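Observations on chain architecture
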Amino acid sequence: MIGSGFARIGRWVGLGISVLLASWALWVLFPGIPVRRAPHANLQVKQAGLTIFEHEWKQGDSLAGGDGLGPVFNERSCVACHFQGGVGGGGDLSHNVMRFEVHPVPGRPRVCEGIVHAFAISSDSRESRTGLNDFFHIVPGGLKIVGGCVVEIRDFDPVRTEAINSTALFGAGWVDRISSRSILHQHRGRSVSAIGRELLGDLQGIKPGRARVLADGRIGKFGWKAQFATLREFVASACANELGLGNPLMEQARPFAHGNYTKVNPDLDEKQFAALVSFVDTLPRPTEVKAADPQEQGLIGRGKALFEKIGCAVCHTPELGGVTGVYSDLLLHRLTSPEELGGRYGEPEKAPLPDDHPLPDEWKTPALWGVADSAPYFHDGKSPTLEEAIFRHHGDAVSVTRAFESLPASDQSAIIRFLKSLKAPAEAKPAADPRSRGYIALAG
């Protein structure tokens, strides 16, 4: 009697454990809820956001609740850096931003990041690359005893700088709605597939990359280093750092040469900031344009098939989380060769980068929708054409580059024709080229 009671309890416990394991497995394998609805906002709100996006800010601007433009900034309007293919598109090479990253050293384990601003309201607020070393000193080398041997250690400059090109914002609201679970689910599938290939002896395949997990556990989706989890945070940072506009999420950038700069009220209030985010959120998504000529469309179709065949689509995933045509996995990949990294590095006593921080040669896969209207290419904009951008893929993507190189010229041309069919949305508002506006460079 007692034995049968224990048996029943054991069966119920076993059943409960089985249910829990099955539920956990389903939760892990669940791909996430796909995006079904387009971003939407009230027309009046979007118009208010467009006005802010196109507005040329100035010091003491009447639209600002604080001090307006600055004190340090890179441009005077959002559209100045987002104009190719229409309002909200990418920027040209002349509008690149100088980003800096300070790597850990003994006694300072944190990574410091920021922007060396091109302009400043006053001369004493100007920033420069050389000025960074006044705050983040070079770690001196010298002769040191390592393992009983005298070793010469070179000086180490912890500051790394690089040019960053402005990305197109078309379809950003769709990307914002892609769930973290969808990103991780696809990544797990690619990881399992990569392990399977390696077990079969194929060691030349594309590595699966990795999602950037931010300090609070969320997955980064915006920025070249996937440093922002949401579009709202991305817009807040752009306002604060590129224009010097404080907002409800982020204070205005302060000149690092003027650390005691007076704190002021936010330049954008809640209503203004919400309108700006709504405008960016509802920017139309790019489309794959079909050619009117059947022969040309046949070449585009062949190029699309080759794009997938040689492995481009492994990272530039055509569909993610229910968003078709995005052509990105939103993961970090190592894409550059060591000689491209720049900076002045020796063999110093330096602290390691945190595990969750991107390596210097890791970059988030950019979405290719609208790529035909977003030259130049790569994070630094140093690839003026699509062909040059493809040939520059090294690191994790080197096998794809080699596969492209081995194709006959006609097949390479077909892939380029396919990429050129990924146009900026036709309904985007036309934007004037900022180089024709006669901007006056302020002190900087």
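Preceding block: the structure.
Overview of the structure. (Residues numbered from 1 in each chain as written. Predicted model: local features only at pLDDT ≥ 70, side-chain atom pairs only at ≥ 80, totals over all residues. Heavy atoms only, no water.)

1. Looking at the packing of helix 6 (residues 231–243) against helix 7 (residues 270–281)
When two helices pack together, you describe them by how their axes are tilted relative to each other and by the distance separating the axes. Helix 7 packs onto helix 6 with a crossing angle of 115° between their chain directions and a minimal axis gap of 10 Å. As for how helix 6 packs across helix 7, the hand of that crossing is right-handed. The segment helix 6 lies against helix 7, with L231, R232, V235, A236 and C239 engaging E270, F273, L276, V277, V280 and D281. By residue class, the composition of the contact of helix 6 with helix 7 is 8 nonpolar, no polar and 3 charged. (Axes fitted to C-alpha atoms, helices over the stretch in contact; angles between N-to-C directions. Helix = DSSP H or I, 4+ residues; strand = E, 2+ residues; numbered from the N terminus. Left-handed = near helix turned anticlockwise from the far one by under 90°. Contact = heavy atoms within 4.5 Å. Nonpolar A, V, L, I, M, F, W, Y, C, P; charged D, E, K, R; others polar.)

2. What to know about empty space enclosed by the protein
Counted under the stated rule, the structure contains 1 cavity of 30 Å³ or more. Quantified by volume, the largest cavity comes out at close to 30 Å³. Contributing to the lining of the largest cavity are Q84, G89, G90, A168, F170, W369, G370, D373, S374 and A424. Tallied by class, the residues present in the lining of the largest cavity amount to 4 nonpolar, 5 polar and 1 charged. (1 Å grid on protein atoms, 1.4 Å probe; cavity = no way out; pocket = protein on both sides within 12 Å on 5 of 7 lines; lining within 4 Å. Points joined across faces, edges and corners; volume = space filled by probe spheres on them.)

3. A short note on the side chain of H393
Assignment of secondary structure puts H393 in the loop between helix 10 (386–391) and helix 11 (398–406). At 2.7 Å, the side chain of H393 and the backbone oxygen of A389 are in polar contact. Beyond its immediate chain neighbours, meaning those up to four positions away, H393 contacts H316, L335, F378, V398 and T401. (Polar contact = N/O pair within 3.5 Å; in protein donor to acceptor, adjacent residues only side chain to side chain.)

4. Observations regarding the environment of G220
Tracing the backbone shows G220 in the loop between helix 5 (180–199) and helix 6. Judged by its relative accessible area of 0%, G220 falls in the buried class. Separated by 40 residues in sequence, G220 and S180 have C-alpha atoms that sit 8.6 Å apart. Those residues in contact with G220, other than ones at most four positions away along the chain, are R212, L214, A226, F228, A229 and L330. (Buried < 20%, exposed > 50% of the residue type's maximum accessible area, 1.4 Å probe, protein only.)

5. Some words on the pattern of salt bridges
The full count for this structure, using the stated rule, is 19 salt bridges. Where K429 meets E54, a salt bridge forms, and the shortest distance between an N and an O atom there is 3.1 Å. You can see K429 sitting in the segment after strand 13 (422–423) and its partner E54 sitting in helix 2 (residues 43–54), a full 375 residues away along the chain. Look at K429 and you get partly exposed, because its relative accessible area is 39%. Across the salt bridge formed by K304 and E288, the nearest N and O atoms sit 3.3 Å from each other. Placement of K304 in helix 8 (residues 294–309) and of E288 in strand 8 (residues 287–288) is noted, with a sequence separation of 16 residues between them. K304 sits in the partly exposed class, given a relative accessible area of 36%. (Salt bridge = Lys/Arg side-chain N within 4 Å of Asp/Glu carboxyl O.)

6. Quick notes on the environment of E233
The topology assignment puts E233 in helix 6. Given the relative accessible area of 22%, E233 is considered partly exposed. Not counting residues up to four positions away in its chain, the partners in contact with E233 are R218, F228 and L249. A polar atom in the side chain of E233 sits 2.7 Å from the side chain of R218.

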